[in-house]
Amino acid sequence: MIYELRIYSCLPGRMAALQNRFQNHTLRIWEKHGIRQAGFWTTLIGPANNDLTYLIAWDSLADRETRWNAFMSDPEWQAARADSEKDGLIVANVASSFLQPTAFSSVR
């Protein structure tokens with residue numbers, strides 16, 4: 001099991017639109033493709049309070065490639081993304097890291 005840490009830095013005033021897109025569209029489409037989220041967070045205190053941070057659990061990098069590519073090419077996702085950005089872009093930057101649990105991690 002590996003985890004993908006993704007941090008979306010929102011454009012000013014666009015956090016609500018990003019959260020709405022995840023809550024009302026993205027998560028349902030992920031389910032269709034077998035993508036498993038491991039948690040979502042906003043920054044309460046820290047250097048970037050306009051960030052949405054989340055983890056996705058993957059069986060392997062190959063699993064990630066297959067499922068993510070299917071999700072990104074899904075017409076339903078493309079329509080939801082386009083609709084959510086009709087008033088302008090939402091995300092200024094996306095950072096992604098792949099994490100492997102240690103032998104002593106409570107998350108495996």
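What comes next is a walk through the structure. What you are looking at is a predicted structure, and each value in this text was computed from that prediction instead of being measured. (Residues numbered from 1 in each chain as written. Predicted model: local features only at pLDDT ≥ 70, side-chain atom pairs only at ≥ 80, totals over all residues. Heavy atoms only, no water.)

Taken in spatial order, the four strands of this open sheet run β2-β3-β1-β4, and their pairing is antiparallel. In the strand order of this sheet, the two ends are held by β2 (36–42) and β4 (91–99), each with one partner. Shown here is a sheet whose adjacent strand axes are inclined to one another by a mean of 15 degrees, direction ignored. Alignment of strand β1 (residues 2–10) against strand β3 (residues 51–58), held across eight bridges, turns out to be antiparallel. Residue pairing in the sheet places Arg6 in a bridge with Tyr54 of β3. In this fold helix α1 (residues 15–33) packs onto β1, β2, β3 and β4, with an angle of close to 15 degrees to the strand it touches most, β3. Each of β1, β3 and β4 is contacted by helix α2 (residues 61–72), which is oriented at about 115 degrees to β3, the strand it contacts most. (Pairing = 2+ DSSP bridges. Helix = DSSP H or I, 4+ residues; strand = E, 2+ residues; numbered from the N terminus. Axes fitted to C-alpha atoms, helices over the stretch in contact; angles between N-to-C directions. Contact = heavy atoms within 4.5 Å.)

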